[in-house]
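Chain and residue survey
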Amino acid sequence: MTGAQRRLQLIEVARGLFAERGFEGTSIEEIAQRAGVSKPIVYEHFGGKEGLYAVVVDREMETLLEMVTSSLTKNRSLYRIQQVALALLTYMEERTDGFRILVRGESTSGGEDTRYSSLLNDAISQVEHILAGDFERRGFDPALAPLYAQALVGMVSVTAQWWLDVRQPEKEVVAAHLVNLCWNGLTRLDPEPMLVDAEYKEPTQPTVHPALADSVASNDDDK
């Protein structure tokens, strides 16, 4: 292997061990043994376990942040909310070990690592900005946007962590139902939500729930 290839291999091996056993439960000796190298090779690349752990966490944060940020900066509101849910679920599916490390929140100094919380706060700020604009256009109070942003990001994050363990149903189905609840609310839930594409156009008139539509039609008949 070249030096770059060896470094990448050690990062991948360490990521699996840190996810499985945590920072304290993982040793340089185990990392070296699983990678098929001597301990000095690990020290040569990272200076020690702390340095290697920092690189693993930074790479995971960078990957997740890019996926979430790109999903928030493109297209219309419903599609953006959908893509945030899909981005988080996809990251968890493809980089499960990395996500477990971030959620565990261990610090090399023994304290709590708050980088994952900071990432969620960044996402909340961006969602808040999106919602404030939507609220203003629809005549709602934009001052309520921070509350709704906390609720939306929290719901997606907690549901995604649950899905990480069960992996059912498929992530696209989970994302569709999350967006269904986020977008329609409990009183306007679509019984068969589907993902939309980037060309989706939001209706200019509010969608009436089928049960409410029947009620309106019945009232009209009575008249």
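Reading the values: the criteria
Residues numbered from 1 in each chain as written. Predicted model: local features only at pLDDT ≥ 70, side-chain atom pairs only at ≥ 80, totals over all residues. Heavy atoms only, no water. Helix = DSSP H or I, 4+ residues; strand = E, 2+ residues; numbered from the N terminus. Buried < 20%, exposed > 50% of the residue type's maximum accessible area, 1.4 Å probe, protein only. Contact = heavy atoms within 4.5 Å. Areas by Shrake-Rupley, 256 points an atom, 1.4 Å probe, with all protein chains shown as cover. Phe/Tyr/Trp six-rings, centres within 6.5 Å; stacked < 30°, edge-to-face > 60°. Lys NZ or Arg CZ within 6 Å of the ring centre and 35° of its normal. UniProt positions renumbered as here; feature names shortened; annotations may be inferred. Polar contact = N/O pair within 3.5 Å; in protein donor to acceptor, adjacent residues only side chain to side chain. Salt bridge = Lys/Arg side-chain N within 4 Å of Asp/Glu carboxyl O. Expected span 1.5 Å × (residues − 1).

By the naming in an unreviewed UniProt entry, the protein goes by TetR/AcrR family transcriptional regulator and is assigned to Gordonia cholesterolivorans.

1. Section: the overall build of the protein
Counting secondary structure elements, the protein contains 10 helices and 0 strands. Reading the protein from its N end, one meets helices and strands in the order α-α-α-α-α-α-α-α-α-α. Burial status across the protein gives 38% buried among its 223 residues. In the protein, 62% of the contacts between residues at least 6 apart in sequence involve partners at least 24 apart. Surface exposure of the protein reaches about 12700 Å², of which carbon and sulfur atoms provide 52%.

2. Concerning the packing of aromatic side chains
What describes a pair of aromatic rings is the distance from one ring centre to the other and the angle between the planes of the rings. Overall, the coordinates contain 6 aromatic pairs when judged by the stated rule. Aromatic pair Phe-18 and Tyr-53: ring centres 4.9 Å apart, planes at 90 degrees, arrangement edge-to-face. Taken as a pair, Phe-18 in helix H1 (residues 3-21) and Tyr-53 in helix H4 (residues 49-72) lie far apart in primary sequence, 35 residues in all. Side by side, Phe-18 and Tyr-53 carry an identical accessibility label, which is buried. Ring centres 5.8 Å apart and planes at 70 degrees place the aromatic pair Phe-135 and Phe-140 in the edge-to-face group. Taking the relative accessible area as the measure of exposure, Phe-135 reaches 8% and is therefore buried. Taking the relative accessible area as the measure of exposure, Phe-140 reaches 43% and is therefore partly exposed. The structure contains a cluster of three or more aromatic residues connected by ring pairs, namely Phe-18, Phe-23 and Tyr-53. Its guanidinium or amino end placed over the ring of Phe-23, Lys-49 lies 4.4 Å from that ring's centre, counting from NZ or CZ.

3. Digging into unusual backbone geometry
Omega for the peptide link from Gln-168 to Pro-169 comes to -5 degrees, which places this bond in the cis form. Along the chain, Pro-169 falls in the loop between helix H8 (145-166) and helix H9 (171-184). For Arg-167, which is not a glycine, the phi torsion comes out positive at approximately 55 degrees. Its location among the elements puts Arg-167 in the loop between H8 and H9.

4. Structural notes on the UniProt feature "DNA-binding region" (unreviewed entry) in the protein
In this numbering, the UniProt entry assigns the feature "DNA-binding region" (unreviewed entry) to residues 27-46. A helix fraction of 80% and a strand fraction of 0% characterise residues 27-46, whose end C-alpha atoms lie 13 Å from each other.

5. Brief notes about the side chain of Thr-96
Locating Thr-96 in the fold gives a position in helix H6 (residues 96-104). Under the relative-accessibility criterion, Thr-96 is labelled buried at 16%. A polar atom in the side chain of Thr-96 sits 2.6 Å from the backbone oxygen of Met-92. Among all residues touching Thr-96, those that are not within four sequence positions of it are Tyr-91, Leu-164 and Arg-167.

6. Some thoughts on H6
Residues that lie three or four places apart on an α-helix share one face, since the helix turns once every 3.6 residues. Every buried residue of H6 is accounted for by Thr-96, Gly-98, Phe-99, Ile-101 and Leu-102. Downstream of H6 by a residue or two, Gly-105 has a phi angle that is positive, lying close to 65 degrees.

7. Brief notes about the pattern of salt bridges
All told, the structure shown has 8 salt bridges when counted by the stated rule. Arg-15 is paired through a salt bridge with Glu-12; the nearest N and O atoms lie 2.9 Å apart. Of this pair, Arg-15 and Glu-12 both sit in helix H1, 3 residues apart, roughly one helical turn. The salt bridge involving Glu-93 is made with Lys-171; its shortest N-O contact spans 2.9 Å. One end of the pair, Glu-93, is in helix H5 (residues 77-94); the other, Lys-171, is in helix H9, and 78 residues separate them in sequence.

8. Let's talk about helix H7 (residues 115-138)
For H7, with 24 residues, the first-to-last C-alpha span of 35 Å sits near the 34 Å given by 1.5 Å per residue. Where H7 is concerned, the buried positions are Tyr-116, Leu-119, Leu-120, Ala-123, Ile-124, Val-127, Ile-130, Leu-131, Asp-134 and Phe-135. Downstream of H7 by a residue or two, Gly-139 has a phi angle that is positive, lying close to 80 degrees.

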